[in-house]
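Structural overview for review
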Amino acid sequence: MGKREAPRWRAIAVFAVLFVLYQSAEGVGQRLLHSDALQAALMIGCVAAAWPLSRWLGWRGYGAYALDRRSSSLAWLGFGLAVALIANALAILVGERLGVYAPSGPALSVDGFHALAAALPMLALSTFVPSIAEDILARGFWYRAAGIHWRRGYLFVAFSAGYFLLNHVYRLGRGPGEWLMILCMGIAYATALCRAGTLWAAVGLHWGWNFANGVFGMLLPADTLDVAGSRWLIAGVHLLVALLVVAVPPPSRVVDEGQRLRPLRG
């Protein structure tokens, strides 16, 4: 028998489960019950649930969201992490020159490195889990699990970036400047997935940016003097990152159908 996609109702059910778990982490865990433990449990639950749901859709591992174990994909993860760390540091340094940020402590101090060393394991974990959870929901699902055949890469990027914006439901009240910033971040991360064919590329950039916020908060401490300017700066940096990703030669094969399990039945 030939391969065929899972019934559309399965994809809808998968999205519903992941969406509820992800949004309830902040909506219920943080805002309603003010419980960091519950928030973390729900976010971890979102990532954990994605595995059996991927299998239910007929994929190996997390293959339904374009997460695979190819060495080239892990190289994209490392590339994204490095780019995000450099981009975040440059944004801080440029922002300080423009008066958007002001140093609030000594840069690259011994105390800062000691604090980072103590916090590093938890910082890495606490930024990785929410990042990959949102990447699965806002990008990986729509790229593969939803069963949409994107004929043009820019259509996927536009849709995914738009959904990424709407997925930040608790930040939409901050106004158009916030929307633009989140949209540009979504463009960069969706472009990485579309270019590389693996969600690890987007995870590298997204996780890397969130991780860098914590790292440089200790190594390059700064206060934000111009919130609007900071949003514009972050938006611009992410558009430059998207251009950099486009400039990187894509792999020869961007979809690994070998992740498929046996043909599905309705």
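Here goes a summary of the coordinates provided. Owing to the predicted nature of the structure, the values given are computational and were not obtained by experimental measurement.

**Focus on the environment of V28**
Tracing the sequence through the fold places V28 in helix α1 (residues 8–32). Judged by relative accessible area, which is 31%, V28 ranks as partly exposed. Excluding residues that lie within four positions of it along the chain, V28 makes contacts with Q23, L33, H34 and L38.

**Things to note about the packing of helix α4 (residues 110–145) against helix α7 (residues 199–219)**
Remark: α4 packs on α7, axes separated minimally by 8 Å, with the N-to-C direction vectors making an angle of 150 degrees. As judged from the angle between their axes, α4 and α7 are roughly antiparallel. Considering how the two elements wind past one another, α4 and α7 form a crossing that is right-handed. When the residues that make up the contact of α4 with α7 are grouped by side-chain class, the tally is 19 nonpolar, seven polar and three charged.

**A short note on a nonpolar patch on the surface**
Taken together, V28, L32 and L33 make up a surface patch of nonpolar side chains, about 270 Å² in accessible area. Along the polypeptide, L32 turns up in helix α1. Classification of L32 as exposed rests on a relative accessible area of 57%.

**Some points on helix α2 (residues 36–56)**
The terminal C-alpha atoms of α2 lie 30 Å apart, and with 21 residues this matches the ideal 30 Å at 1.5 Å per residue to within 8%. At A50, α2 shows its largest bend, some 25 degrees, and a proline, P52, comes one to four positions later. Taken together, the buried positions of α2 are occupied by Q39, L42, M43, C46, V47, A49, A50, L53 and S54. For α2, the secondary structure elements touched by its buried residues are α1 and α4. Where α2 terminates, the next one or two residues include G58, which has phi positive at roughly 100 degrees.

**Observations regarding the pattern of salt bridges**
Considering all chains together, one arrives at six salt bridges under this definition. Residue R70 pairs with D68 through a salt bridge whose shortest N-O separation is 3.1 Å. With respect to burial, R70 and D68 carry one shared label: buried. Across the salt bridge formed by E178 and R171, the nearest N and O atoms sit 2.7 Å from each other. E178 gets classed as buried once you look at its relative accessible area, which sits at 2%. Among the ionic contacts, a cluster of salt bridges with common partners joins R171, R174, E178 and R231.

The rules behind the values
- Residues numbered from 1 in each chain as written.
- Predicted model: local features only at pLDDT ≥ 70, side-chain atom pairs only at ≥ 80, totals over all residues.
- Heavy atoms only, no water.
- Helix = DSSP H or I, 4+ residues; strand = E, 2+ residues; numbered from the N terminus.
- Buried < 20%, exposed > 50% of the residue type's maximum accessible area, 1.4 Å probe, protein only.
- Contact = heavy atoms within 4.5 Å.
- Axes fitted to C-alpha atoms, helices over the stretch in contact; angles between N-to-C directions.
- Parallel < 35°, antiparallel > 145°, perpendicular 65-115°, else oblique.
- Left-handed = near helix turned anticlockwise from the far one by under 90°.
- Nonpolar A, V, L, I, M, F, W, Y, C, P; charged D, E, K, R; others polar.
- Patch = residues over 30% accessible without salt bridge, like charges linked within 9 Å, V, L, I, M, F, W, Y side chains within 5 Å.
- Areas by Shrake-Rupley, 256 points an atom, 1.4 Å probe, with all protein chains shown as cover.
- Salt bridge = Lys/Arg side-chain N within 4 Å of Asp/Glu carboxyl O.
- Expected span 1.5 Å × (residues − 1).
- Bend = angle between axes of the 7 residues up to and from the residue.

Keep in mind that these numbers describe shape and distance, not what the molecule does.
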